[in-house]
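A look at the structure
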Amino acid sequence: MVVFIDNILVYSKSEEKHAEHVRIVLQTLKEKKLYANLSKCVFWLCGVSFLGPGISKGSIYYPSKVDGSI
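Residues numbered from 1 in each chain as written. Predicted model: local features only at pLDDT ≥ 70, side-chain atom pairs only at ≥ 80, totals over all residues. Heavy atoms only, no water.

1. A closer look at the overall build of the protein chain
Each helix and strand counted, the protein chain has one helix and five strands in total. If you list the helices and strands of the protein chain from N to C, you get β-β-α-β-β-β. Counting all 70 residues of the protein chain, 11% fall into the buried class. Within the protein chain, counting contacts between residues at least 6 apart in sequence, those at least 24 apart form 21% of the total. About 6,400 Å² of surface is accessible on the protein chain, with carbon and sulfur atoms providing 60% of the total. (Helix = DSSP H or I, 4+ residues; strand = E, 2+ residues; numbered from the N terminus. Buried < 20%, exposed > 50% of the residue type's maximum accessible area, 1.4 Å probe, protein only. Contact = heavy atoms within 4.5 Å. Areas by Shrake-Rupley, 256 points an atom, 1.4 Å probe, with all protein chains shown as cover.)

What follows is the structure, encoded as structure tokens:
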């Protein structure tokens, strides 16, 4: 799990572990009386871009810069 400000990224090596990890995160939020805005939640993605690099099954990719600046 990675947390950055108000973003939570849950990742796992298998679907079974992922279901367990998501359950634990949501249960912990509930116990601490913290709530997720479900309209902003996305579940069961195979790849995601998070804070720059993109992550998908077996690879990490870096988005190209739009304006070409460094």
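Next comes the rest of the account.
2. Here we look at helix H1 (residues 15-31)
Structurally, the α-helix is built with 3.6 residues per turn, so residues lying three or four positions apart point the same way. The first and last C-alpha atoms of H1 sit 24 Å apart over 17 residues, in line with the 24 Å expected at 1.5 Å per residue. Within the span of H1, buried status applies to His18, Val22, Val25 and Leu29. Burial along H1 is one-sided: seen end-on, the buried residues are contained in an arc of 65 degrees. Within H1, the exposed residues directed more than 90 degrees away from the buried face are Glu16, Arg23, Lys30 and Glu31. Looking at the packing, one finds that the buried side of H1 touches strand S2 (7-9). Trailing H1 by a residue or two, Lys33 shows a phi angle of about 60 degrees, which is positive. (Expected span 1.5 Å × (residues − 1). Arc of directions from axis to C-beta.)

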